[in-house]
Every structure is written in C-alpha cells, then in structure tokens.
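Structural characterization, general
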Amino acid sequence: MIPQDFIDTFIEELGQVAYDICFNLSSTTLDFNSKVIKIITNDKSLKDWIENKYVPIISEILEKTYGEHWRVELFLDTQGELETTEYNEQLNPFFTFENFVVGNSNQFAYAASLAVAQKPGKTYNPLFIYGSTGLGKTHLMHAIGNYLSRKKNTKKIIYISSEKFVNDLINSIKEKKIEDFRNKYRKSDLILIDDIQFIVGKERTQEELFHTFNELYLSNKQIVITSDRSPKDLEGIEDRLRSRFQGGLIADVQLPDFETRKAIVKKKLERYDIELEDSVLDYLAQNFRDNVRELEGALLKIIAFSDIENIKKVSLDKAKEILKDLIDKNSQIDVEDILEVVLNYFNITKDELFSNSREKKIVYPRQVFTYLLRDILGLPFKNIGNILGGKDHTTVMHAYEKINIMLASPKVYNDIYSIKRILNRN
Ligand code: ADP
Ligand code: MG
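The structure contained in this document is the topic of the report that follows. Note that the structure is predicted; figures quoted are calculated from it, not measured.

Definitions and cut-offs
- Residues numbered from 1 in each chain as written.
- Chains lettered and ligands numbered in written order.
- Predicted model: local features only at pLDDT ≥ 70, side-chain atom pairs only at ≥ 80, totals over all residues.
- Heavy atoms only, no water.
- Helix = DSSP H or I, 4+ residues; strand = E, 2+ residues; numbered from the N terminus.
- Pairing = 2+ DSSP bridges.
- Axes fitted to C-alpha atoms, helices over the stretch in contact; angles between N-to-C directions.
- Contact = heavy atoms within 4.5 Å.
- Buried < 20%, exposed > 50% of the residue type's maximum accessible area, 1.4 Å probe, protein only.
- Right-handed = clockwise from strand over helix to strand, strands pointing away.

**A closer look at unusual backbone geometry**
In this chain, Asn125 is followed by Pro126 through a cis amide linkage whose omega measures 0°. You can see Pro126 is positioned in the loop between α4 (107-118) and β4 (127-130). Even without a glycine there, the phi angle at Lys176 is positive, about 55°. Tracing the backbone through its elements, the reader meets Lys176 in the loop between α6 (162-174) and α7 (178-186).

**As for the sheet that holds strand β7 (residues 222-227)**
With parallel pairing, five strands are arranged side by side in an open sheet as β5-β6-β7-β4-β8. Whereas interior strands pair on both sides, the edge strands pair on one side only; in this sheet they are β5 (157-161) and β8 (249-252). Here the strands of the sheet are splayed against their neighbours by 15° on average, with no regard to which way each runs. Where β4 lies against β8, four bridges are found, and the strand directions are parallel. Among the inter-strand pairings, Tyr130 is bridged to a residue of β8, identified as Asp252. Packed onto the sheet, helix α8 (residues 203-218) meets β6 (190-194) and β7 and runs at close to 140° relative to β7.

**Some thoughts on the pairing of β6**
The side chains of a regular strand alternate, residue by residue, between the two faces of the sheet. Most of β6 is tucked away: five of the five residues are buried. Sheet topology places β5 next to β6; five bridges connect them, and they run parallel. Across the sheet, Tyr159 pairs through a bridge with Leu192, a residue of β6. Pairing analysis gives four bridges linking β6 to β7, with the strands arranged parallel. Pairing of Ile193 across the sheet is with Ile225, part of β7. With α8 bridging β6 and its parallel neighbour β7, the resulting β-α-β unit is right-handed.

Written as structure tokens, this is what we have:
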C-alpha cells in the first residue's frame, strides 16, 4: 500500500508517467520501521528502467516526505504472483464511473452498479458482480465507493478482499478481539467485499460473514460482492450464505469486444501527454483480448518507453517493437488462425464453410466465423465479405448481429468462448 502523501509528492515532482512506470505495474510495500521500500515487478525491462532511472529519485522523495534515509529494493517476479501479494484497502481514486468504458460486455454490471450507488441499500442488495480476472469488477466496486464517498458523503465505507477478511478474523480470534472485529464490519455504511471466492471451504469465516451480512442487510446498508464465478458455481459455501448472495442482483462482466477494448485504451490514454497513431490503438485492441489489465499494462509499457526515449508520437512499428515480448506470449491471431479453429471446432471443411449451403450445420459456423473476424480482428464488414468469397456487406453485418444477439444463449456463448480460448492458447 502506497501512502497518499508519497504519491502526491512523487507525481508533483515527476509526473504521472513516471509514477505509473514505477508503481502501476508493480507491487509496492513501504516498511516504516526499517525504512525500506520494496518494489516487485514481473517485467524485466521495466525493472531495468526503474533501476537505472528512478531508484535514486524514489529514495530522495521518500526522504523528502518522511525524513530519514530510505533504501529501495527491487525484485523481479515472473511467476505472476504479483496480483495476490499485496492488497490495497483504499479506494483507487481513478476507478470511477466516468473512467469506466461501457460496452455490451459490461453494460448490465455498470448500470446495476450505478443504480446501487444512487440508491444504496434500497434497490439491489446485495449486488453481486462476477466474471473472470481483469474485466473491471474491482473497478466498478470502487466506483460505487468513490461515488458514495464524494457525492453522498458516506463515511464508513469498508473495502476489503475476502482473503483479508479471513485473516482479520483469524487474528481477532487469536487476540481475543472478536468484538472489535464485529463492530468494525457490522457498523459500516457500505461494505465492498472483493473476490469472495477465497472464503470457499472456510466455515468459520462464512458463519461470521453470514451474521455481518444479516446485520447490515437488516439496517439497509448496501453490500457489494465480487467473485470470479457466480453464486451457484461457488462450491464449498453454505447454502444459507449462497441464498443471501442470490437474494439481490447478480450481474456478470464478460470479455469486451474490439470496439470496447479500443475505447478503453483511448480512455486510459487521456491521462498522459503522449500521442499514439490510431493503428497502435487497433493493434493493442486486437492483441490483448481477454484481460483489460494486460491491455492496460501493454499501453503503459508503450507510454513508459516513449517517455524514456522522448518520442512524442508512437508509430505502429515502434509499438510492435516495444510489445514484442508480450505479444509473443499472447500470440498474434490472423484470419487463418481463426478459420482453422472454427473449422476444427465445428468439424466441417473449408469448402463447406465457403460454400453457399443453407444447411444449419454450415450456416451457423459461417456466422460464428464472421462474428469472430469482426470481434477479434475488428475487420470491416466489407473485408469480411471479400474473405467469404464476395458476400454482400449487409449479409455479413446481418450474420454478425445475429450471433451478437444469440450470445445471450448459453450454447452460443459457450461456442464463442471456447473458440476464443483455443485461439489464445495458440
Ligand atoms: P477485476 O477486478 O475484474 O479482475 P479490475 O477491475 O481490477 O478487474 O480491472 C483491471 C484493470 O482494467 C483496471 O485498471 C481497470 O480500470 C481496467 N478496466 C477494466 N474494465 C474497464 C472498463 N470497462 N473501462 C475502463 N477500464 C477498465
Ligand atoms: Mg479484482
């Protein structure tokens, strides 16, 4: 957790870009006893940049803010454990509704969150948001908190991960301070519990949570919960708790489509004083498809690099060079890749897919292929028509829209989702 006074001084002296380079893609802890700041990053080039350019400045600013000399320790962690090592219990001031880009994938969760922020404890209680990692659950949850704290002056807002809730409980039992624990949670005006899946299998925590829940619920205090899966898929939690989770509103966040991904990049870019060629935006949106956090990380890498090299406008070639390592890992996808997977998935031949057959067995895969060309690669309908052997662009658009609507059905959603997964593994 990085204290606000340090953040303020740092940004004032060095700007937002420098701050993001050092702290946004890393996990940072400050130890005030031994005067050590520990920065863990999972990116080798980022670690090198921080090491070469920022270490002395970081310790200078710490000294300026807190007096005394501070030591900076930098670590590389490529195991991807970064996300869970630190949990920041403050609301992130950037996670607001204004900064959230709305698309088909998250529209419902967004609307539900906004409704809850406007009428806390009244309309939807609890609000349960679920979906896979990096799709904006925590962002929406903080947006509710920020909204209530700024616009309605709500005071007692608790934001906590269920993991931290578990640890807090264990400690309070050990130290015989269970009453303090209960008071803290049960007296809040708004409670935001992030990543509830960690309470799976933990009976005592579930019991405590159940009572906390009831007390808050009965006094009309809003409860917001996020999870990586839906209440019904949360195996290993008590039924009475599950039914509480199901008693309010459940909203999911899904993978954003191409347009939304691009809009997110644009939104994030507003913070910086750097220009990217439009093709760079497309490239980012095309190549980071299943996790907004990674998309943002890629953008930040470009920003950091152009700042260091003093480039004012980043070209596509430059962006490709900067992201080479990341993209290789994610693997670039082209029309052939998508075609291959679609044919394989539906077990039909290329000739069948490109034929004029009206058989359902062929039409549906053709529509899925069309949809994926648009969704993954962002291709114009006209180009897709050409790829399909000269189909009219309105026909193509129709096929795309059809699948888009049919995504509401579990089968179609599952087909699309499965194909995308396969593609990402390539
Ligand atoms: P989750 O909690 O679902 O794992 P987060 O809420 O932490 O994901 O989001 C990861 C990052 O992606 C955050 O920086 C967040 O701001 C950003 N993000 C995700 N979805 C959106 C969106 N629709 N608009 C703007 N930023 C988004
Ligand atoms: Mg989260």
